[in-house]
Amino acid sequence: NISITYDFGDNPPADINKYFIGRLPRYGKPYHHKTQAKNNKLSINTRDLGTFVLVKDTKAPEIRALNFSDSKWISENKTLKLKIEDELSGIASYRATINGKFILMEYEYKDKTLTYHFSDKVISDTENNFTLIVLDNVGNSATFEATFYRKEL
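Given the structure is predicted, the values throughout are model-derived calculations rather than measurements. (Residues numbered from 1 in each chain as written. Predicted model: local features only at pLDDT ≥ 70, side-chain atom pairs only at ≥ 80, totals over all residues. Heavy atoms only, no water.)

Trainee: Help me understand the pairing of strand S14 (residues 127–136), please; the structure alone is not making it clear to me.
Mentor: When a strand is regular, its side chains alternate between the sheet's two faces. Residues of S14 alternate between two faces, with Asn128, Phe130, Leu132, Val134 and Asp136 buried on one and Glu127, Asn129, Thr131, Ile133 and Leu135 left unburied on the opposite face. Here S14 pairs with strand S15 (residues 141–149) via nine bridges, running antiparallel. Bridged to Asn128 within S15 is Phe148. As consecutive antiparallel partners, S14 and S15 are separated by four residues, and within that stretch Gly139 has a phi angle of approximately 100°, a positive value. (Buried < 20%, exposed > 50% of the residue type's maximum accessible area, 1.4 Å probe, protein only. Helix = DSSP H or I, 4+ residues; strand = E, 2+ residues; numbered from the N terminus. Pairing = 2+ DSSP bridges.)

Trainee: Explanation requested: unusual backbone geometry in the structure shown.
Mentor: For residues besides glycine, phi is generally negative; the peptide bonds are generally trans as well. Even without a glycine there, the phi angle at Asn39 is positive, about 50°. With respect to the helices and strands, Asn39 occurs in the loop between strand S4 (36–38) and strand S5 (41–46). Classification of Asn39 as exposed rests on a relative accessible area of 64%. A positive phi angle is found at Asn40, which is not glycine, with a value near 65°. The topology assignment puts Asn40 in the loop between S4 and S5. For Asn40, a relative accessible area of 32% puts it in the partly exposed group.

Trainee: Looking at this structure, I do not really get the pattern of salt bridges. What am I missing?
Mentor: Think of it this way: side chains of opposite charge can pair up when their charged atoms draw near. Within this structure, the stated rule accounts for four salt bridges. For Asp15, the salt bridge goes to Lys56, with nearest N and O atoms at 3.0 Å. Taken together, the residues span a long stretch of sequence, with Asp15 in the loop between strand S1 (2–7) and strand S2 (19–24) and Lys56 in strand S6 (residues 51–56) at a distance of 41 residues. Taking the relative accessible area as the measure of exposure, Asp15 reaches 27% and is therefore partly exposed. (Salt bridge = Lys/Arg side-chain N within 4 Å of Asp/Glu carboxyl O.)

Trainee: Would you explain the sheet that holds S2 in this entry?
Mentor: The strands that make up a sheet are held in pairs by hydrogen bonds between backbone atoms, and each pair lies either parallel or antiparallel. The three strands lie next to each other as S3-S2-S6, forming an open sheet whose pairing is antiparallel. Unpaired on one side and paired on the other, strand S3 (31–32) and S6 mark the two borders of the sheet. Inspection of the sheet shows S2 paired to S6 by six bridges, in the antiparallel sense. What sits directly across from Phe20, in S6, is Val55.

Trainee: I keep staring at the sheet that holds strand S13 (residues 113–117) and nothing clicks. Help me out?
Mentor: Sheet architecture is open: four strands sit in the order S7-S9-S13-S12, paired in antiparallel fashion. Across the chains shown, the open sheet's two edge strands, defined by having one partner strand only, are strand S7 (62–65) and strand S12 (106–108). If you compare each strand with its neighbour and ignore which way they point, the axes differ by 25° on average. In this structure, strand S9 (residues 79–85) lies alongside S13, joined through five bridges in antiparallel fashion. Each bridged residue has a counterpart across the sheet, and for Leu80 the counterpart in S13 is Tyr116. (Axes fitted to C-alpha atoms, helices over the stretch in contact; angles between N-to-C directions.)

Printed below as a string of structure tokens:
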């Protein structure tokens, strides 16, 4: 393993936790490495060789519903499906609720989708409030809220 450290010196930015050290691939965006911030320094441990850069990520993840929309009836749907993306540091975590109760969503890494199968008993027979909170690897968050209506067929 090798350690890479960047020292901001006496003038660290106020939002130091929005920065990370990333490895540049041949093409595309920097690859996020878990970065530790301590005493005005950012550091990583890695086994990768290559070109490393300091990257600032202030953009929140993007969330988009794929098979439903706000205030619509979705009784025919067997799932709720959403796409979540983060441009730079990547998705760290997500949490979804319906009517305030936690629901388990499956994440498909290849197409960046979350899927919920209507098998839990958290759905009421009419109005349901869905909330999804997504965090990226530097702490930016996005919240998606929608109301949908569903009746068991």
